[in-house]
Amino acid sequence: MVVFANPTTEQFDVKTCKPVNRLTYPAIPLIDLSKPDSKHLLVKACQDFGFFKVVNHGIPMKLINKLESVATEFFSSPQSVKEKAGPPNPFGYGNKNIGRNGDVGWVEYLLLNTKPESDYNKFISSFEEHPESFRCVVDDYVRAVKKMACELLEFMADELKLEQRNAFSKLLMDEQSDSVFRLNYYPPCPELQEHEIKGGNLIGFGEHTDPQIISVLRSNNTSGLEISLRDGSWMSVPPDSESFFINVGDSLQVMTNGRFKSIKHRVVANSKKSRMSMIYFGGPPLNEKITPLASLLERDEESLYKEFTWFEYKNFSFNSPLSHNRLGFFEKISSRY
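Residues numbered from 1 in each chain as written. Predicted model: local features only at pLDDT ≥ 70, side-chain atom pairs only at ≥ 80, totals over all residues. Heavy atoms only, no water.

J.: Outline the sheet that holds strand β9 (residues 203-208), listing residues and values.
T.: Spatial ordering of the open sheet is given by β9-β14-β11-β12, a layout of 4 strands whose pairing is antiparallel. Of all the strands in the sheet, the pair left with one neighbour each is β9 and β12 (234-236). The average undirected angle you get between the axes of adjacent strands in this sheet is 25 degrees. As paired elements, strand β11 (residues 225-228) and strand β14 (residues 265-268) share 3 bridges and run antiparallel to each other. Looking at β14, one finds that E226 is bridged to R266. (Pairing = 2+ DSSP bridges. Helix = DSSP H or I, 4+ residues; strand = E, 2+ residues; numbered from the N terminus. Axes fitted to C-alpha atoms, helices over the stretch in contact; angles between N-to-C directions.)

The structure is reproduced here in structure tokens:
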């Protein structure tokens, strides 16, 4: 029997394509925002997993589908048209190259600033039909997911018994909030089968944590997203186009002094179907000091992290390879042992 390893979940027999041994993985936390226990489950998910799925979120599918439609229109355009929106600096259209450190992936993307005064002219010029509708659709979608992100952060504050219910959410609501919105498109990859037979995966977007406070992700029904478990194995996340997936960001891990966990995740390519994801990254103002909230520190509990501003951490993160443990540089030495 010839076996090749799929490093995400299980091992397969090449001839039958059946699992040789099936590994057991924990269920992804499911948060139903219509249920009274959602606040408790939300905080438990942040502590145990750093990642969870949200249903009954109140965001109309019509709005979600409209954004997916205009995004599909953009990524289906000729390459020469898409490149009018690039190169990314940092905002704009990018293709395969991720960041400044040589990271590459099987992905095209469009990174946008969420501030109201942002100039979209460079990007909407790529839309040959109804260019202004693109901005309207993006603005409406970002407004809705930002509202949901703030509600989630306030639910966390309630359950943590913080005096200020907006201790986290005010950083996203600040007019200087450094939040961004990203559309990722992963084209089908016919060559993928050869990579799989050799025992590997073709990476769409390499493993990393999100440096911001919170990330709100929605994708179409194509699989590919994987999260890293504590034992180092990778777990595939079943796609669900009607739900949202939430990541705890590095900054929120610091603000809770490690109680909440920022989780590593990645996207692997798909051989037959394209994957489209849309992610709102809720970030604080550039001059905001990122430090554990005093009200969360118990008596004699020390901060696990050095104090830094979001500007400092953002620059460090984006000048580091994707897979690096970027928070490790900001840990106090005594907390590592």
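J.: Give me the nonpolar core: which residues, what numbers.
T.: Ranked by internal contacts, the top residues of the largest apolar core, which has 66 residues, are M156, F168 and F181. For this core, the element with the highest residue contribution is helix α5 (residues 131-159), accounting for 15 residues. Beyond its immediate chain neighbours, meaning those up to four positions away, M156 contacts L42, V43, C46, F52, F168, I214, L252 and F260. Formed by 22 residues, the second largest nonpolar core is a distinct cluster that contains L111, V237, F245 and I279. (Core = buried A, V, L, I, M, F, W, Y, C linked by side-chain atoms within 4.5 Å. Buried < 20%, exposed > 50% of the residue type's maximum accessible area, 1.4 Å probe, protein only. Contact = heavy atoms within 4.5 Å.)

J.: Which residues make up the sheet that holds strand β5 (residues 51-55), and what values go with them?
T.: With mixed pairing, the 8 strands of this open sheet are ordered in space as β4-β5-β13-β10-β15-β8-β7-β6. Every interior strand has two partners, whereas the edge strands, β4 (30-32) and β6 (92-98), have only one. Direction aside, neighbouring strands of the sheet carry axes that sit 25 degrees apart on average. The pairing of strand β8 (residues 180-186) with strand β15 (residues 275-282) spans 7 bridges and is antiparallel. Within the sheet, the bridge partner assigned to L183 lies in β15 and is M278.

J.: Could you give an account of the pattern of salt bridges, with specific residues and numbers?
T.: Across all of its chains, the model carries 17 salt bridges by this definition. Between D240 and K53 there is a salt bridge, with the nearest N and O atoms lying 2.8 Å from each other. Within this pair, whereas D240 is found in the loop between β12 and β13 (244-248), its partner K53 is found in strand β5, the two being separated by 187 residues in sequence. Among the salt bridges present, the one from D178 reaches K314, with a minimum N-O distance of 2.8 Å. You can see D178 sitting in the loop between α6 (169-173) and β8 and its partner K314 sitting in helix α9 (residues 310-318), a full 136 residues away along the chain. One network of salt bridges, in which partners are shared, links K39, E154, D158 and R165. (Salt bridge = Lys/Arg side-chain N within 4 Å of Asp/Glu carboxyl O.)

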